[in-house]
Structure formats: C-alpha cells, structure tokens
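# Summary of the model geometry
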Amino acid sequence: MYLEIVSPEATFFSSEVESVAVPGVDGEFQMLENHAPIVSLLTAGTVKIRIHTKSHLDYDKLHPEVKPHMVDTKVLLIDIKSGTLEMKDNKAIILAD
C-alpha cells in the first residue's frame, strides 16, 4: 500500500507501507493493503505508520516540519491536528492540517 501525507503547502510523507492507523471522528481505525475505498474526516491525534523495514524509510525525504518518532523499528508516529483521508486503489492520501 502506498501512503502520502500532504498539506496545501507540502508533501510530508510519501512511501510504501504495510499499514496505517488514523484518528477518525468515531475513533481510531486501521487500513491494510487492498482496503476497500473510503473517505473519512480525521481529528487531532497520531497517524501510526507501519513500514516494511526501517531501511524503507528515507528520513532525508521527510518534510522538515514533520517530527516523527519511531515506536520500534517498524512503527512511525506523526501527529496531526485534523485532516481528510482518501483510500482508493491501494493508495491512501491524508490531507492534514
């Protein structure tokens, strides 16, 4: 599955991932590869990204405003204030504030 986290100003994250969990309006939910198409509003919280391996993540390509931290070698956390999520054709796009 491919994940992009973007704002009107910049792309904050863009990479292949195993899964992503997001703070939905009705609670956190997770999407895996081949998830059904969905559009959802997001609230303030943490986007939890499970990457294949740490070597798949290029920290130099992350936007300077992103302050990610790793829970372990495969889980990256990025805080957002709010946003919108679209998942379609095995690609998730988060438009974040």
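All of the points below concern the structure found in this document.

## Thoughts on the overall build of the protein
- Looking only at helices and strands, the protein has zero helices and ten strands in total.
- Starting at the N terminus, the α and β elements of the protein follow one another as β-β-β-β-β-β-β-β-β-β.
- Relative to its full complement of 97 residues, the protein shows a buried share of 39%.
- Partitioning the contacts of the protein with sequence separation of at least 6, the portion at a separation of at least 24 is 56%.

## A few points about the environment of Glu28
- For Glu28, the position within the fold is in strand S4 (residues 27–32).
- C-alpha of Glu28 to C-alpha of Leu42: the two residues are 14 residues apart in sequence and 9.1 Å apart in space.
- If near-sequence neighbours (up to four positions away) are discounted, Glu28 is found in contact with Ala21, Val22, Pro23 and Lys48.
- Among the polar contacts listed, one links the side chain of Glu28 to the side chain of Lys48, at a separation of 3.1 Å.

## Observations concerning the pairing of strand S3 (residues 19–24)
- Within S3, six of the six residues are buried, leaving the element largely enclosed by the surrounding structure.
- Here S3 shows two buried faces, one formed by Ser19, Ala21 and Pro23 and the other by Val20, Val22 and Gly24.
- In the sheet, S3 pairs with S4 via six bridges, with the strands oriented antiparallel. When the sheet's bridge partners are listed, Val22 is paired in S4 with Phe29.
- Count of turn residues in the S3/S4 antiparallel hairpin: two residues.
- Sheet topology note: the S3/strand S6 (residues 45–50) ladder contains three bridges and is antiparallel. Within the sheet, the bridge partner assigned to Ser19 lies in S6 and is Arg50.

The rules behind these values
- Residues numbered from 1 in each chain as written.
- Predicted model: local features only at pLDDT ≥ 70, side-chain atom pairs only at ≥ 80, totals over all residues.
- Heavy atoms only, no water.
- Helix = DSSP H or I, 4+ residues; strand = E, 2+ residues; numbered from the N terminus.
- Buried < 20%, exposed > 50% of the residue type's maximum accessible area, 1.4 Å probe, protein only.
- Contact = heavy atoms within 4.5 Å.
- Polar contact = N/O pair within 3.5 Å; in protein donor to acceptor, adjacent residues only side chain to side chain.
- Pairing = 2+ DSSP bridges.

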